[in-house]
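Take a look at the letters that make up each chain.
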Amino acid sequence: MGTKNYLDMRKYFLDQIQSQYTSNNVDNFKASFESCKGSDIDKKTAVDQSFRDILLDELVGDIQKIETLINFSVECGRKNYATATIPVVLLGDAFDIMTLDQCEEMFSYVEKNVSVWKEECFFSACKNNLLRMCNDLLRRLSRSQNTVFCGRILLFLAKFFPFSERSGLNIVSEFNLENVTEFGAESTEIGDQLSEADEKSGKAGVKIDYNLYCKFWALQDFFRNPNQCYDRLRWKTFETHSMHVLSAFSSCKLEETNTSKRKHSDDEEMCVDSIESVQQFFAKFLTNPKLLALQLSDSNFRRSVLVQFLILFQYLTSTVKFKQDSYVLTAQQNEWIKETDAQIYKLLNETPPNGKKFSETVRHMLMREEIWSSWKNEGCKEFKKPEQATDTKPQTGKKPRKLLGDLIRDYTNSGKVYMGNAELTRLWNLCPDNLSACKGSERDFLPTFEEFLEQKPKDKPDSSFDWRALRLLARQSPHFFTLNNQSAKVSDCLETVSKRIKKEKEERQTANPGTTTEDTQNGETNLTDNDHLAEEMEAELIKDDGDSQDGSNNVDQHEHKAAVVTPEILKQLSEKIGDEWKRLAAKLGLANDEIQFIETENPGIVDQCKHMLTVWFDDDEDASLDNLAYILEGLEMNAASECAKNFIGQEKVEEISD
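Residues numbered from 1 in each chain as written. Predicted model: local features only at pLDDT ≥ 70, side-chain atom pairs only at ≥ 80, totals over all residues. Heavy atoms only, no water.

Trainee: Can you lay out the overall build of the chain for me, pointing to particular residues and giving the numbers?
Mentor: Helices and strands together make up the secondary structure of the chain, namely 31 helices and zero strands. For the chain, with 658 residues in total, the buried portion stands at 35%. In the chain, of all internal contacts separated by at least 6 residues, the share reaching a separation of at least 24 is 69%. Summed over its atoms, the accessible surface of the chain is roughly 42,200 Å², and 49% of this surface lies on carbon and sulfur atoms. (Helix = DSSP H or I, 4+ residues; strand = E, 2+ residues; numbered from the N terminus. Buried < 20%, exposed > 50% of the residue type's maximum accessible area, 1.4 Å probe, protein only. Contact = heavy atoms within 4.5 Å. Areas by Shrake-Rupley, 256 points an atom, 1.4 Å probe, with all protein chains shown as cover.)

Trainee: Outline the nonpolar core, supporting the account with residue identities and numerical values.
Mentor: The biggest cluster of nonpolar side chains holds 54 residues, and the ones touching the most others in it are Trp117 and Phe156. The biggest single contributor to this core is helix α4 (residues 63-78), with seven residues. (Core = buried A, V, L, I, M, F, W, Y, C linked by side-chain atoms within 4.5 Å.)

Trainee: Can you explain a negative patch on the surface? Please cite residues and give values.
Mentor: On the surface, Asp593, Glu594, Asp618 and Asp619 cluster together into a negatively charged patch. Breaking the negative patch down by element, the ones donating at least two residues are α28 (592-601) and α29 (605-619). Within the fold, Glu594 resides in helix α28. (Patch = residues over 30% accessible without salt bridge, like charges linked within 9 Å, V, L, I, M, F, W, Y side chains within 5 Å. Salt bridge = Lys/Arg side-chain N within 4 Å of Asp/Glu carboxyl O. Lys, Arg positive; Asp, Glu negative; His and termini not counted. Charge placed at Lys NZ, Arg CZ, Asp CG, Glu CD.)

Trainee: Outline the packing of aromatic side chains, listing residues and values.
Mentor: In the structure shown here, the tally under the stated rule is 33 aromatic pairs. On the basis of an interplanar angle of 90° and a centroid distance of 6.4 Å, the ring pair of Phe216 and Phe249 is categorised as edge-to-face. Here Phe216, found in helix α11 (residues 210-224), pairs with Phe249, found in helix α12 (residues 232-251); they are 33 residues apart in sequence, far enough to count as distant. Phe216 sits in the buried class, given a relative accessible area of 3%. Accessibility expressed as a relative area gives 0% for Phe249, which makes it buried. Aromatic ring contacts, followed pair by pair, group Tyr12, Phe13, Phe29, Phe33, Phe51, Phe72 and Tyr81 into a single cluster. Looking at Arg363, its charged tip hangs above the ring of Tyr345, at a distance of 3.9 Å from the centre. (Phe/Tyr/Trp six-rings, centres within 6.5 Å; stacked < 30°, edge-to-face > 60°. Lys NZ or Arg CZ within 6 Å of the ring centre and 35° of its normal.)

Trainee: Describe helix α23 (residues 490-511), naming the residues involved and giving the relevant values.
Mentor: Structurally, the α-helix is built with 3.6 residues per turn, so residues lying three or four positions apart point the same way. Taking 1.5 Å as the rise per residue, α23 with 22 residues should run 32 Å; its terminal C-alpha atoms sit 32 Å apart, in good agreement. All of the buried residues along α23 are Val490, Ser491, Cys493, Leu494, Val497, Ser498, Ile501, Glu504, Lys505 and Arg508. Mapping the buried residues of α23 onto a view down its axis gives an arc of 155°, with all of them on the same face. Turned more than 90 degrees away from the buried face of α23, the exposed residues are Lys499, Lys503, Glu506 and Thr510. (Expected span 1.5 Å × (residues − 1). Arc of directions from axis to C-beta.)

Trainee: Kindly report on the side chain of Lys43, identifying the contributing residues and their values.
Mentor: Along the chain, Lys43 falls in helix α3 (residues 40-58). Lys43 gets classed as buried once you look at its relative accessible area, which sits at 6%. Contact partners of Lys43, with chain neighbours within four places excluded, come to Met9, Phe13, Phe33, Cys36 and Gly38.

Trainee: I'd like a description of the confidence of the model for the chain, backed by residues and values.
Mentor: Averaged over the chain, the pLDDT score is 78; the fraction of residues at 70 or greater is 78%. Averaged pLDDT values over the elements of the chain bottom out at 42 in helix α25 (residues 557-564) and peak at 95 in helix α16 (residues 331-350). Below a pLDDT of 50 lies the segment residues 520-535, which in the model reaches 19 contacts outside its immediate sequence neighbourhood of four places, other chains included. (pLDDT = per-residue confidence, 0-100.)

Trainee: Any details on unusual backbone geometry? Residues and values, ideally.
Mentor: Note that the residue after Pro352, namely Pro353, is joined by a cis bond; omega there is -5°. Summarising the element assignment, Pro353 is placed in the loop between α16 and α17 (355-377). Residue Asn80 is not a glycine yet carries a positive backbone phi of 70°. The phi dihedral of Asn354 falls on the positive side, at around 55°, and the residue is not glycine. Locating Asn354 in the fold gives a position in the loop between α16 and α17.

Trainee: Go over the packing of helix α15 (residues 299-317) against α17, please, and point to the residues and values.
Mentor: Orientation of α15 relative to α17, taken along the N-to-C sense of each, is 30°, at an axis distance of 11 Å. Considered as vectors, α15 and α17 are oriented roughly parallel to each other. Both α15 and α17 take part in a crossing whose hand is right-handed. Mapping the contact onto sequence places Arg303, Val307, Leu310, Ile311 and Gln314 in α15 and Gly355, Phe358, Val362, Leu366, Met367, Glu369 and Glu370 in α17. Taken together, the residues of the contact of α15 with α17 sort by class into seven nonpolar, two polar and three charged. (Axes fitted to C-alpha atoms, helices over the stretch in contact; angles between N-to-C directions. Parallel < 35°, antiparallel > 145°, perpendicular 65-115°, else oblique. Left-handed = near helix turned anticlockwise from the far one by under 90°. Nonpolar A, V, L, I, M, F, W, Y, C, P; charged D, E, K, R; others polar.)

Trainee: Before we move on, could you go through the environment of Asp231 and cite the residues and values that matter?
Mentor: By the element assignment, Asp231 lies in the loop between α11 and α12. Taking C-alpha positions, Asp231 is 8.4 Å from Tyr327, a pair spaced 96 residues apart along the chain. Within the structure, the side chain of Asp231 is placed 3.2 Å from the backbone nitrogen of Leu233, a separation counted as a polar contact. (Polar contact = N/O pair within 3.5 Å; in protein donor to acceptor, adjacent residues only side chain to side chain.)

Trainee: So, the environment of Phe309: which residues are in play, and what are the values?
Mentor: Inspection of the secondary structure assignment puts Phe309 in helix α15. The exposure class of Phe309 is buried, given its relative accessible area of 0%. With 87 residues separating them in the primary sequence, Phe309 and Phe222 have C-alpha atoms 9.6 Å apart. Residues in contact with Phe309, not counting those within four places in the same chain, are Leu219, Phe223, Phe238, Ser242, Leu246 and Ile344.

Trainee: An account of the pattern of salt bridges is requested, with residue identities and associated values reported.
Mentor: Inspection of every chain in the model, using the stated rule, returns 18 salt bridges. Taken together, the shared-partner salt bridges in this structure form one network comprising Glu75, Arg78 and Glu119.

Trainee: Go over the side chain of Gln16, please, and point to the residues and values.
Mentor: Secondary-structure assignment places Gln16 in helix α1 (residues 6-20). Of the residues examined, Gln16 reaches a relative accessible area of 18% and is grouped as buried. When near neighbours in sequence (up to four residues on either side) are disregarded, Gln16 contacts Phe29 and Ser32.

Encoded structure:
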């Protein structure tokens, strides 16, 4: 199609966009764009104006259609059928003709498409337009009424621009000197108001007078412009006012009160706290004298003032690139800041609610602020991943690194394993295999029987200690099977065995002078070198149990188990296990249907647990009190485990006495 002038182009593209933008099909628009005769610049200009005409004349107030039109303009910009700035221009036009509520709804579209605006074809062309659009929105918004919307705009700019973008940085560390806090009136009038407020508040320990009121609000001027503190006279004023205000805070202790008697779950309380924290936002301090007494008792107000002190102190003591050379504190001033800083953190810790947690959070944020300040001092360098060295660019003074395949091959040929890290490789190759590593002498942490008895508590009997000593004796010495003592206490039996082992060691050392203590320090008896010990054990067995020459004293494992686990023992164990019996049943291998059957057949918890233990002892070949005690200890059922160990100790004593 041929066209004569710009107006014809504009009318032609207006009709084409109106009929095609709802389908978002750029291929159809391509034919229309190419069929129109004229230069590309003229055609793009006509297309841009057609988009703006459709938006302003036909789509006012229809957010959904506006988003569809902008999506179509994005596709046209990518295909070079329109200028790259047209999507953002359309957004600016849309925000100009919308109410603030509609703007807030429309801004969600801008946030969701941040990846689009950061594309190479749009970023450089649109970044200034987007920044101008956001600034225009911020000028229309109230920071006290539209706080959330303002925050969304600032967060979008932070996501859109890179860290190194200087337009969003306060490079020269300027202060907002226009933020002036106005206060004050006639001293007599304020004095009357303060006296009245002090009487109503009823706070003891703090005298709220005109002097405190003036010093308190005068500090805001130092927070607004910290450079005043480098002046000697102004510093003296700041120091005096600060001491007076912090003394008032220290005298007026806050107590955490429960303002609601309703009981909430943890989630409900968290939700309520979040809502209250949002509602307690103030864009500007209120300086009415009648409010000072209440403000001193408000934890949020107090925290705000104390944090301002910490921010001021950090600026005064830190290195800032654009500070004047004369802005230096004396040693005395630095010492005062250090002492006052500790006092402020103490006040934050004492301020409810969650004072310590709030104080730690503030300290952490200030540390992060120091990192950002150092980054600005270094010229706001762009964040980039370090480039890895390649083989094409050899590094001077460094040995070329071996390829991973070559390293694995070299270690494999030497019978080792390469783990990718020098320390991990060393640790992995200490032993040829895992079994050898487990058998190493340095992994043997068991003490000898004699060493373990030396650790026995003397103040009171400990059945758990005696039970462990019996197990250690069974592991290290055959005397466990030759005990012959009529005493009813396990501790006495252990003491007798200890004396017997010591006596045998002395006899062996007398008979074999070349034997060292290292040969016998593990408490084991060398049966191959001491045949007389076997004969002595056999004679002792015959002497102690002459009536059972057929070997009836060798109690069978199953008979021992049946003799130990009596109904009374099962009952006591069930009482100790209690509500945890289902967890124990699953550990013992009972199926879910078996657990459900036991729960249905028995009304009480003790009966259910007793039934479960009976089934286990009857059906499992490995069931014993020893295994049960071990399993209970692993499940952290300590009371039930101690009960089982006591029964095991009593059974051992009965066997010894028999």
